[in-house]
Amino acid sequence: MAMSRRAELVTQLLDALRRTNALSVAMSQGAAERIGVNTTDLHCLNLLSDGPLTASELARRAGITTASVTGVIDRLEAVGYVRRERDRVDRRKVVVTLQTREAAQVIGPVFAPFVRAWRGALDGYTDEHLELIADFLDRTEEVFQSEVGRMRAE
């Protein structure tokens, strides 16, 4: 029995997401090598670009143990990309803060060509298309977050 047009499109999108995810992993590995960190360290830098996190929160979001995250923070602090600081509200807590200027000097040039290429790829879309794509990516992020949570809970 032939697939409906909608079923074909959904299959095409899911295949494209799978391939894109594989390429994203490969890009992260290549970028980490150029920056001189491992992929877990780069993943943690990316998570910290949204704002300071406690070590345990960083470990949880990165999907690694708290023992592993200590090594990540030690390595990133040694090269000047992050700093441990006392929480302003709860002085007992330590938060990890991205040193934006230091990290940007090394990481920025690695990702700048990629960002330029993305901007070029998006040039042909109308504002309405971009809103639709942004909505799709928001939904994709929600699915990833819920599925990662489900996997970790099992």
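Above: the structure in question.
Rules used throughout
Residues numbered from 1 in each chain as written. Predicted model: local features only at pLDDT ≥ 70, side-chain atom pairs only at ≥ 80, totals over all residues. Heavy atoms only, no water. Core = buried A, V, L, I, M, F, W, Y, C linked by side-chain atoms within 4.5 Å. Buried < 20%, exposed > 50% of the residue type's maximum accessible area, 1.4 Å probe, protein only. Helix = DSSP H or I, 4+ residues; strand = E, 2+ residues; numbered from the N terminus. Salt bridge = Lys/Arg side-chain N within 4 Å of Asp/Glu carboxyl O.

Caption draft 1: Just the nonpolar core, in detail. Ranked by size, the top nonpolar core spans 24 residues in total, and within it I35, L58, Y81 and V82 carry the most contacts. Listing elements by their share of this core, those giving two or more residues are α1 (5-35), α2 (39-48), α3 (55-62), α4 (66-78), β3 (94-98) and α5 (100-122). For this core, the leading source of residues is α2, giving five residues.

Caption draft 2: Inspection of the pattern of salt bridges at higher detail. Within the structure shown, the criterion is met by 10 salt bridges. For R75, the salt bridge goes to D41, with nearest N and O atoms at 2.7 Å. Here R75 is found in helix α4, whereas its partner D41 is found in helix α2, with 34 residues between them in sequence. Its relative accessible area of 3% is what places D41 among the buried residues. With a shortest N-O distance of 2.6 Å, R61 and E57 are connected by a salt bridge. Placement of the pair is R61 and E57 together in helix α3, with a separation of four residues, close to one helical turn. Classification of E57 as partly exposed rests on a relative accessible area of 22%. Connected via shared salt-bridge partners are E57, R60 and R61.

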